[in-house]
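Single-letter residue listing:
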Amino acid sequence: ALDDECARASTSGFDAEVACVRALQARLRERVEDQRCSHVWGEIDHEPGGFFERGRGCCYDRSRVIEKALSHYGFEVRHGSLHMLNYPPPFGYAQSVRSHAFSEVRTSRGWMVVDSLYAEIGLDAEGRVYDAPALREILEAGREAELGGVFQPFYGGGYTVFYGLYSRHGG
């Protein structure tokens, strides 16, 4: 159960922290497989209860659940969004913008990306952790082999990172 993995993880060392994050990601994907977005902002409850009741939700709903759960287990978290812009802000928002919501958790080794849709975290084979800007630098430099896995293309560069902006819809 998730409580078994996470109840004392925030005070039990790095390996326990990572095990909790991975267990949370896996449990969330198992519990709600449908990744379709619920776009009617203001008419749909995007808090965890509404997400589980609906039985579907995309990156911003899932990142909200991850952040609330990790906070419950004593972790410090921050919400992030990647915005793929053709031009720097604010001009890049004059056209359609692809975005992705993710979370970061403060581990005993620093801030670490926790993806909201996939089993990806900002952790390399040597145990170094990466926040979104550092992860972007590694992937843009073509050093993804250091990460020991494949990251989704939206982490590979060409994006602007925003912290604290919950929704691409302005909510």
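Position numbers for residues start from 1 in each chain and track the written sequence from start to end. Per-residue local features are limited, in this predicted model, to residues with pLDDT of at least 70; the limit for side-chain atom pairs, both in listing and counting, is 80 or more; totals at the level of whole chains, interfaces and linings are taken over all residues. Excluding hydrogens and water, the side-chain values take into account all heavy atoms of the structure.

> I would appreciate a short explanation of the packing of helix H2 (residues 14–31) against helix H4 (residues 59–72) in the present structure.
Think of two packed helices as two axes; the pair is described by the angle between the axes and how far apart they sit. Axis geometry follows a simple rule: fit a line to the C-alpha atoms, using only the stretch in contact for helices, then measure angles between N-to-C directions, giving values from 0 to 180 degrees. Elements are defined by DSSP. Helices are runs of H or I of four residues or more, strands are runs of E of two residues or more, and each kind is numbered from the N terminus. Running from amino to carboxyl end, H2 crosses H4 at an angle of 140°, the nearest separation of the two axes being 11 Å. In terms of orientation, H2 and H4 fall into the oblique class. Note that H2 runs across H4; the crossing there is right-handed. Counting all contacts with H2, which are made through Cys20, Val21, Leu24, Leu28 and Arg29, the residues of H4 involved are Arg62, Val65, Ile66, Ala69 and Leu70. For the contact of H2 with H4, the residue count by class is eight nonpolar, no polar and two charged. In these notes the angle categories are as follows: under 35 degrees is roughly parallel, over 145 is roughly antiparallel, 65 to 115 is roughly perpendicular, and the rest is oblique. Two helices that cross are described as forming a left-handed crossing if the nearer one is turned anticlockwise from the farther one by less than a right angle, and a right-handed crossing if clockwise. For this analysis, residues touch if any pair of their heavy atoms sits within 4.5 Å. Gly counts as polar in this scheme, as do all residues outside two lists: the nonpolar Ala, Val, Leu, Ile, Met, Phe, Trp, Tyr, Cys and Pro, and the charged Asp, Glu, Lys and Arg.

> Can you walk me through the packing of aromatic side chains in this structure?
The geometry of two aromatic rings is summed up by the distance between their centres and the angle between their planes. Under the pairing criterion, centres of Phe, Tyr and Trp rings, with the six-membered ring standing for Trp, must be within 6.5 Å; the plane angle then separates stacked pairs below 30 degrees from edge-to-face pairs above 60, leaving the rest tilted. A complete count under the given rule lists one aromatic pair for this structure. When the ring of Phe51 is compared with that of Phe52, the centres are 5.0 Å apart and the planes differ by 65°; the resulting orientation is edge-to-face. Buried residues are those whose accessible area, probed at 1.4 Å on protein chains only, stays under 20% of the maximum for their type, while exposed residues exceed 50% and partly exposed ones sit between those limits. On the basis of relative accessibility, which here comes to 0%, the residue Phe51 falls in the buried class. Over a ring means this: the NZ of a Lys or the CZ of an Arg is within 6 Å of the ring centre and within 35 degrees of the ring normal. The ring of Tyr163 carries the charged tip of Arg78 above its face, separated from the ring centre by 4.4 Å. The ring of Phe14 is capped by Arg109, whose NZ or CZ atom sits 3.9 Å from the centre of that ring.

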